[in-house]
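Okay, here's what each chain looks like letter by letter:
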Amino acid sequence: MTLFPSSTQDIPPVGGVPRHIAIIMDGNGRWAKKRFMPRVAGHRRGVETVREIIGACVERGVAYLTLFAFSSENWRRPKEEVNFLMQLFLRALEEEVAKLHENGIRFRIIGDLSRFDPQIVSLIQRGEALTAANARLTLTIAANYGGRWDILQAIEKMLAVRPDKRAGFTEQDLATHLALDYGPEPDLFIRTGGEQRISNFLLWQLAYSEFYFTDTLWPEFDAASLDLAIESYRRRERRFGRTSEQLQARSALALPEDAIPPVATRENA
Ligand code: IPE
Ligand code: IPE
Ligand code: MG
């Protein structure tokens, strides 16, 4: 059993501040190009935005922040850019993890670590262990992450521990093996840089997230931009399959979310 309700099996709790924000940090290259700088200058500037957005999420009481830093497809980029990104990741791990810990932030990585340098892998493991008990914000960096990889690795893990599930399994069986099994599904998904696509990010977990796209390039995204996204989120009506009338009746009666019967599933039908 996962600790968090699945959006297709239950109605997750909904509040004014998104509990989990997931971001595709896009537009670094274009930001640099606009300034006649090499693409990598945009990546360097992007790290500063990461710091600012982590701080802003802590201040706003967001509990989970998940950032897409490197996709399983980004290996297709020029070798020099990939090497630069790896160096940047290594340096960030060396320099930032202690600061995250001082600030009470739990640090996690999701993605296929098998392609990373052993030095990076060991820094990740040490960082995760050091910050494991922190509860202020869970910061997840998706590195060499792909949504399809995540689903496949979950199936493999599940079958390794439960070979009997080959005969059939539920969403819940699988969800406990997904990379983000320690957190709720994202409430708010943000993509900067103008593109309106998922690019193989959290395919499973974004099932009922609210999507927010902005043309702002990642190096220019700041706390005020985050507030605009949260404001937009607050104006949404999250229906999870129900009708608007059902939601209005519930709020008129001031009923809690769990007063609505759970969705009928194969298990409880
Ligand atoms: C996002 O910025 C960072 C990574 C994918 C690592 P991009 O590098 O994709 O920037 P654009 O999209 O080319 O502007
Ligand atoms: C998605 O950005 C991955 C990250 C932000 C790490 P890309 O810029 O690589 O996405 P596509 O390939 O343009 O969709
Ligand atoms: Mg891009």
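Another aspect to go through is the overall build of the protein chain. Summing up its helical and strand segments, the protein chain has 8 helices and 6 strands in all. The C-alpha radius of gyration computed for the protein chain amounts to 19 Å, which stays within 12% of the reference 18 Å derived for 269 residues, consistent with globular compactness. Based on the C-alpha atoms only, the size of the protein chain along its principal axes is roughly 55 × 45 × 35 Å. When the accessible surface of the protein chain is summed, it comes to about 13,800 Å², and 53% of that surface belongs to carbon and sulfur atoms.

Around ligand 1 lies a shell formed by Met25, Asp26, Gly27, Asn28, Gly29, Arg30, Arg39, His43, Ala69, Asn74, Arg77 and Leu85. One of the backbone N or O atoms of Asn28 is found 3.1 Å from an oxygen atom in ligand 1. Here an oxygen atom of ligand 1 sits 2.7 Å away from a polar atom, N or O, in the side chain of Arg30. When the free accessible area of ligand 1 is taken as 380 Å², the share hidden by the protein chains comes to 88%.

Turning our eyes to something else, we now look at the sheet that holds strand 3 (residues 105–110). As summarised here, the arrangement of the 6 strands in space is 3-4-2-1-5-6, forming an open sheet in which the pairing is parallel. Bordering the open sheet on either side are strand 3 and strand 6 (210–213), each of which pairs with just one other strand. Sheet twist, expressed as the mean angle between neighbouring strand axes with direction ignored, is 20°.

With that settled, consider unusual backbone geometry. Not every positive phi belongs to a glycine, and Asn144 is a case in point at roughly 50°. Relative to the assigned elements, Asn144 resides in strand 4 (residues 137–145). Even without being glycine, Asn200 reaches a positive phi, approximately 60°. Relative to the helices and strands, Asn200 is located in the loop between strand 5 (188–191) and strand 6.

For ligand 2, the full set of nearby residues is Ile24, Met25, Asp26, Phe68, Ala69, Phe70, Ser71, Asn74, Arg77, Arg191, Arg197 and Ser199. Within the side chain of Asn74, an N or O atom sits 2.8 Å from an oxygen atom of ligand 2. One nitrogen or oxygen atom from the side chain of Ser199 is found 2.5 Å from an oxygen atom belonging to ligand 2. Burial of ligand 2 by the protein amounts to 79% of the accessible area it has alone, namely 390 Å².

Burial of strand 2 (residues 64–71) is extensive: 7 of the 8 residues sit out of reach of the surface. With 5 bridges connecting them, strand 1 (residues 20–24) and strand 2 associate as parallel partners. Residue pairing in the sheet places Ile24 in a bridge with Phe68 of strand 2. For strand 2 and strand 4, the ladder comprises 7 bridges, and the chain directions are parallel. Opposite Tyr64, over in strand 4, you have Thr138 as the bridge partner.

With 24 residues, helix 3 (residues 79–102) should reach 34 Å at 1.5 Å per residue; the first-to-last C-alpha distance of 35 Å fits that figure. The largest bend along helix 3 measures about 40° and falls at Glu96. Turning to helix 3, its buried residues number three or more, namely Glu81, Val82, Phe84, Leu85, Met86, Leu88, Phe89, Leu90, Leu93, Glu96, Val97 and Leu100.

Turning our attention to the domain arrangement of the protein chain. Under the domain assignment used here, the protein chain contains domain 1 (20–236) and domain 2 (242–269). Averaged C-alpha coordinates put domain 1 and domain 2 at centres separated by 31 Å.

Secondary-structure assignment places Ala154 in helix 5 (residues 147–161). Exposure remark for Ala154: the relative accessible area of 0% places this residue in the buried category. Along the backbone, Ala154 and Ala63 are 91 residues apart, and their C-alpha atoms lie at a distance of 24 Å. Residues contacting Ala154, with those up to four places away along its chain left out, are Leu174, His177 and Leu178.

Okay, the environment of Glu185 next. Inspection of the secondary structure assignment puts Glu185 in the loop between helix 6 (171–175) and strand 5. Each C-alpha atom of the pair Glu185 and Glu59 lies 21 Å from the other, and the pair is 126 residues apart in sequence. If we skip the residues at most four places from it in the chain, Glu185 touches Pro5, Ser6, Ser7, His20 and Gln205. In terms of polar contacts, Glu185 uses its side chain to reach the side chain of Ser7, at 2.5 Å.

The rules behind the values
- Residues numbered from 1 in each chain as written.
- Chains lettered and ligands numbered in written order.
- Predicted model: local features only at pLDDT ≥ 70, side-chain atom pairs only at ≥ 80, totals over all residues.
- Heavy atoms only, no water.
- Helix = DSSP H or I, 4+ residues; strand = E, 2+ residues; numbered from the N terminus.
- Rg over C-alpha atoms; globule rule 2.2 N^0.38 Å.
- Areas by Shrake-Rupley, 256 points an atom, 1.4 Å probe, with all protein chains shown as cover.
- Near = heavy atom within 4 Å.
- Polar contact = N/O pair within 3.5 Å; in protein donor to acceptor, adjacent residues only side chain to side chain.
- Pairing = 2+ DSSP bridges.
- Axes fitted to C-alpha atoms, helices over the stretch in contact; angles between N-to-C directions.
- Buried < 20%, exposed > 50% of the residue type's maximum accessible area, 1.4 Å probe, protein only.
- Expected span 1.5 Å × (residues − 1).
- Bend = angle between axes of the 7 residues up to and from the residue.
- Domains from an automatic or database assignment.
- Contact = heavy atoms within 4.5 Å.

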